[in-house]
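Coordinates in review
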Amino acid sequence: MWVGVMAGEARQPTQMLRKVGCADLTAVPEVRHALRRMLRTWGGPGASDVAELLTSELVTNALIHTDHGAVITATVVPDGLRVEVRDFVAGLPEPRAPIADDGTSGRGLVLVQALADSWGVEKHGVGKVVWFELNGGAA
């Protein structure tokens, strides 16, 4: 758990937790809107837009590429944001170059890799967690 420091005092992080059902793509905009509400006063110009985009990509990947739901956790402190998307399938994703004729498919992890300050994948019991972090300074 992160602890942020603001004006010399410790602050507890703000956290969002959402569970989404198997193949429920209607949950993607709901998660994005909840994140937007949480990030109203966080970060520099464009930081919350990047966070919404990357969260949408990870949630969509979890719902499209697994047969189970997902759990999304976003933790924000004054100097950083960490978003984790946990699914319940063992396979580890890897960024791949999208195929030109493939519409918008295949770009999720490439966007995360390009726009996040850090990101990764960790095995987590049954399944995995794909996460990214953004600092609050800029997009």
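See the structure shown above.
Residues numbered from 1 in each chain as written. Predicted model: local features only at pLDDT ≥ 70, side-chain atom pairs only at ≥ 80, totals over all residues. Heavy atoms only, no water.

It is worth spelling out the overall build of the protein at this point. Within the protein, the regular secondary structure consists of three helices and seven strands. Counted from the first residue to the last, the protein has its helices and strands arranged as β-β-β-α-α-β-β-α-β-β. In the protein, buried positions account for 40% of the 139 residues. Looking at the protein alone, contacts between residues at least 24 apart form 59% of all its contacts between residues at least 6 apart. Entry remark: accessible area of the protein is about 7,700 Å², with carbon and sulfur atoms responsible for 53%. (Helix = DSSP H or I, 4+ residues; strand = E, 2+ residues; numbered from the N terminus. Buried < 20%, exposed > 50% of the residue type's maximum accessible area, 1.4 Å probe, protein only. Contact = heavy atoms within 4.5 Å. Areas by Shrake-Rupley, 256 points an atom, 1.4 Å probe, with all protein chains shown as cover.)

Let us now look at helix α2 (residues 47–64). Between the first and last C-alpha of α2 there are 26 Å, a value that for 18 residues agrees with the 26 Å anticipated at 1.5 Å per step. Among the residues of α2, A47, S48, V50, A51, E52, L54, T55, S56, L58, V59, A62 and L63 are the ones counted as buried. Residues of α2 that are buried sit in contact with β3 (14–20), α1 (27–38), β4 (70–77), β5 (80–87), α3 (108–115) and β7 (128–135). (Expected span 1.5 Å × (residues − 1).)

A few words on the environment of F88. Mapping F88 onto the fold places it in the loop between β5 and α3. Distance in space between the C-alpha atoms of F88 and H68 is 6.4 Å, their sequence separation being 20 residues. In contact with F88, other than residues within four places in its own chain, are H68, G69, A70, V71, V126 and G127.

For A23, which is not a glycine, the phi torsion comes out positive at approximately 60°. Note that A23 resides in the loop between β3 and α1.

Attention now goes to the pattern of salt bridges. According to the stated counting rule, one finds five salt bridges in the structure shown. Close ionic contact of R82 with E122 constitutes a salt bridge, the shortest N to O distance being 3.9 Å. Of this pair, R82 sits in strand β5 while E122 sits in strand β6 (residues 118–123), placing them 40 residues apart in sequence. According to the relative accessible area criterion, R82 is buried, its value standing at 15%. In this structure, a network of salt bridges that share partners links the residues R82, E84, E122 and E133. (Salt bridge = Lys/Arg side-chain N within 4 Å of Asp/Glu carboxyl O.)

With that settled, consider the environment of G120. Summarising the element assignment, G120 is placed in strand β6. Relative accessible area serves as the criterion here: at 10%, G120 is assigned to the buried category. Along the sequence, G120 and W131 sit 11 residues apart, while their C-alpha atoms lie 5.5 Å from each other. Apart from residues no more than four positions distant in its own chain, G120 is found in contact with V129, V130 and W131.

Take it as geometry only, folks, not as evidence of what the structure does.
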